[in-house]
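Observations on chain architecture
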Amino acid sequence: MNLRLLQLADSAFPAGAYAFSDGLETLTQRGDVRTADDLTAFLCGQLAHGWGRQDAPACALAWAADPATLLELDALLDDLKLVEGPRRASLRIGANLRRAALYLWPGDLNGLPPTRHHATSFGAVASALGAGREDTVQAYVSSWLLGRVTSATRLMKLGGLDAQRCAAQCEAQARRCVVFALRATPDDLGGFSPLLDIAAAQQATLEQRLFQT
Amino acid sequence: MTLFARTRFGQLDLHFARRGQKTVLLRDVQKAPLMIVRPFELPCGTLMVFIVNPTGGVLGGDHSEIRVTVGEGAKVVILTQSATRVQPSPDGAAAVQHIFFEVGAGARLEYYPERTIPFAGSRFAQDIQVNLAATSEFGLTESLASGRVQMGERLTFGSYASRVAIYRDQQRIFLDVQRFDNTDLDLETARSAGIWAEMDYIGSGVWVGQPTACTLAPLPFDTEARFAWGENHGGVLWLRGAAQQGPRVDERLTSICNQIRREWFGAAPLQIRR
């Protein structure tokens, strides 16, 4: 795999994704996600019906896409991300990721077409850095998965090793998510995660919170 | 369609207009199994129409098309008389519903259908497109059951898809695509926190009004009937809800509808006896 892609997908890459839980904090505070098994089920659910049906295919479609397609994908994500918190988070992470990537690889990214959301920025930057399409989507999915379990260690009584085990148990679902993303068209973007939408919308009203969303 | 065709193509084309102080149904085309009950006026001046499907549900492979035009200044609310029961077809085809709404300047259209109940093995795909003028108002709610809950049949349907796109002056201002593919019947994933969890009824809604009238206090937290609303990036109000009991979803949807009717549309609460 492309070393630059690994760097781009690393949790230490300064895109700021660690600051956002996109509703997981609400679910943990309200007791809906309490155990490692709950977390694994939550992650598999999102890969199968939620995040995996929207952001992962958007990343695949953004890979090597022309500026007009990227513009349309970003507009589509603006619409599909109904809840303000996750929508703003996606835009902030996208902007941070672009800024950091342009700082690190100015020559390779000269002429990078405009993107706004995290998914589109990741796909466009990865392709400009020479990463293959399938590798890009795998790295993006892995980055999301590991980011969420890392967040979970701060939200739940869950050690690092157990958190990584949760991610490992999602491998089959993550693979299916990648396959779906690689075959998807813009019309396939959508999903079904009503309870996460509700949790994400209510996150701002929590009395104490660690994450911005 | 052949004589022996098992599936149906229902069609409804309704054209409303304002005549003086009243809204009237100017023209209607009804093709079975889609029909309407004679419209009647509510005390708030809105014309109410019930859509009826006397066959008791839709079958995989059925295609329904509903077109509604609401002329300048007219006020219309459309309801369905009963839940939409979605039955499977032997060949796995989806029941498909296309709905087109055209709402003129200063006009209002509200569409509050009863619940969709997908039976085991069924597939349902719905596409709702709404075209608004700059000063139109619009409201929509949807409600979905996990199946025939009272019979113990939960999350055994094949798929459910509902796409709602709203345009104002040809500019898309809202898009919601709820698509649940249950082909694998992976109950553990479907029941995970964030998707269905322990809930069996999901509600959603969208309203477009005049933004200056918007007052959105967070909805109170209730573990048994979880609801939240907010504005999308275009300032359109969306709603999501979920409950274990169907009546809880209905109560909240009705109460929120009436709040929005009062605060946004300046209209009295809907009091409907089905």
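As shown above, the structure is provided for reference.
Report follows, based on the coordinates. This is a predicted model, so every value here is computed, not measured.

**What about the environment of Asp55 of chain A?**
Residue and element names in this part refer to chain A.
- On the secondary structure map, Asp55 appears in helix α4 (residues 55-62).
- We classify Asp55 as buried; its relative accessible area is 5%.
- In the structure, Asp55 is positioned 82 residues away from Val137 in sequence and 10.0 Å away in space, judged by C-alpha atoms.
- Ignoring any residue separated from it by four or fewer positions in sequence, one finds Asp55 in contact with Lys81, Ala119 and Tyr140.
- At 2.9 Å, the side chain of Asp55 forms a polar contact with the side chain of Lys81.

**A short note on the sheet that holds strand β6 (residues 63-70) of chain B**
Residues and elements named next belong to chain B.
- On the basis of which strands lie adjacent, the open sheet formed by 7 strands has the order β2-β1-β6-β9-β12-β14-β15 and mixed pairing. Two strands lie at the open edges of the sheet, namely β2 (22-31) and β15 (171-181), each paired on one side alone. The average angle at which neighbouring strand axes cross in this sheet is 10 degrees, direction not considered.
- Taken together, the 10 bridges between strand β14 (residues 159-168) and β15 define a ladder with antiparallel strand orientation. The residue bridging Ala161 from the neighbouring strand is Arg179, located in β15.

**Description of helix α7 (residues 118-128) of chain A**
Residue and element names in this part refer to chain A.
- Along α7, 10 of the 11 residues are buried, which leaves the element largely enclosed by surrounding structure.
- Listing the buried residues of α7 in full gives His118, Ala119, Thr120, Ser121, Phe122, Gly123, Ala124, Val125, Ala126 and Ser127.
- The inward-facing, buried residues of α7 contact α1 (3-9), α4, α5 (67-80), α6 (84-104) and α8 (133-155).

**Regarding the packing of aromatic side chains**
- Under the criterion given, the structure shown has 11 aromatic pairs over all chains.
- Within the aromatic cluster, the residues linked to one another by ring pairs are Trp51, Phe122, Tyr140 and Trp144 of chain A.
- Over the aromatic face of Phe180 of chain A sits the side chain of Arg53 of chain A, whose NZ or CZ is 3.9 Å from the ring centroid.
- Directly above the aromatic system of Phe119 of chain B lies the positively charged group of Arg148 of chain B, at a separation of 4.0 Å from the ring centroid.

**Topic: the packing of α5 of chain A against α7 of chain A**
Residues and elements named next belong to chain A.
- The interhelical angle for the contact between α5 and α7, taken along N-to-C directions, is 155 degrees, at an axis separation of 9 Å. Overall, the two elements α5 and α7 adopt an arrangement that is roughly antiparallel. Here Leu70, Leu73, Asp74 and Leu77 of α5 come into contact with α7, specifically with Ala119, Thr120 and Ala124.
- Considering only residue class, the contact of α5 with α7 consists of 5 nonpolar, 1 polar and 1 charged.

**Observations concerning the pattern of salt bridges**
- For the structure on display, the rule yields 24 salt bridges over all chains.
- Asp78 of chain A serves as the salt-bridge partner of Arg116 of chain A, at 2.5 Å between the closest nitrogen and oxygen. Taken together, the residues span a long stretch of sequence, with Arg116 of chain A in the loop between α6 and α7 and Asp78 of chain A in helix α5 at a distance of 38 residues.
- Asp78 of chain A gets classed as buried once you look at its relative accessible area, which sits at 10%.
- Across the salt bridge formed by Arg240 of chain B and Asp197 of chain A, the nearest N and O atoms sit 2.9 Å from each other. With one member in each of two chains, Arg240 of chain B in strand β18 (residues 237-243) and Asp197 of chain A in helix α11 (residues 194-202) form a pair that bridges those chains. By the burial criterion, Arg240 of chain B is buried, and Asp197 of chain A matches it.
- When salt bridges that share partners are traced, they join Arg108, Glu110, Glu137 and Arg261 of chain B into one network.

**Examining the pairing of strand β1 (residues 9-19) of chain B**
All names here are of chain B.
- Bridging between β1 and β6 involves 8 bridges; their strand directions are parallel. Note on β6: the bridge partner recorded for His15 is Thr69.
- Note: β1 against β2, 9 bridges, orientation antiparallel. The residue of β2 that forms the bridge with His15 is Arg27.
- Between β1 and β2, which pair antiparallel one after the other, the connecting turn spans 2 residues, and Gly20 there sits at a positive phi close to 65 degrees.

**Description of unusual backbone geometry**
Residue and element names in this part refer to chain B.
- Residue Pro33 is reached from Ala32 by a cis peptide bond, and omega for that bond is 10 degrees.
- Its location among the elements puts Pro33 in the loop between β2 and β3 (35-41).
- At Leu155, a residue that is not glycine, the phi angle is positive and equals roughly 50 degrees.
- The backbone phi angle of Ala197 is positive, close to 45 degrees, even though this residue is not glycine.
- Structurally, the position occupied by Ala197 is in the loop between α1 (187-190) and β16 (201-208).

**Description of helix α2 (residues 246-263) of chain B**
Residue and element names in this part refer to chain B.
- Taking 1.5 Å of rise per residue, the 18 residues of α2 would be expected to cover 26 Å, and the 26 Å separating its terminal C-alpha atoms lies within 8% of that figure.
- Looking at α2, one finds that the buried residues are Gly246, Val249, Arg252, Leu253, Ile256, Cys257, Asn258, Ile260 and Arg261.
- Buried positions along α2 lie against β10 (108-112), β13 (137-145), β16, β17 (225-231) and β18.

Definitions and limits used
Residues numbered from 1 in each chain as written. Chains lettered and ligands numbered in written order. Predicted model: local features only at pLDDT ≥ 70, side-chain atom pairs only at ≥ 80, totals over all residues. Heavy atoms only, no water. Helix = DSSP H or I, 4+ residues; strand = E, 2+ residues; numbered from the N terminus. Buried < 20%, exposed > 50% of the residue type's maximum accessible area, 1.4 Å probe, protein only. Contact = heavy atoms within 4.5 Å. Polar contact = N/O pair within 3.5 Å; in protein donor to acceptor, adjacent residues only side chain to side chain. Pairing = 2+ DSSP bridges. Axes fitted to C-alpha atoms, helices over the stretch in contact; angles between N-to-C directions. Phe/Tyr/Trp six-rings, centres within 6.5 Å; stacked < 30°, edge-to-face > 60°. Lys NZ or Arg CZ within 6 Å of the ring centre and 35° of its normal. Parallel < 35°, antiparallel > 145°, perpendicular 65-115°, else oblique. Nonpolar A, V, L, I, M, F, W, Y, C, P; charged D, E, K, R; others polar. Salt bridge = Lys/Arg side-chain N within 4 Å of Asp/Glu carboxyl O. Expected span 1.5 Å × (residues − 1).

Without other data, these values stay purely geometric and don't point to any function.
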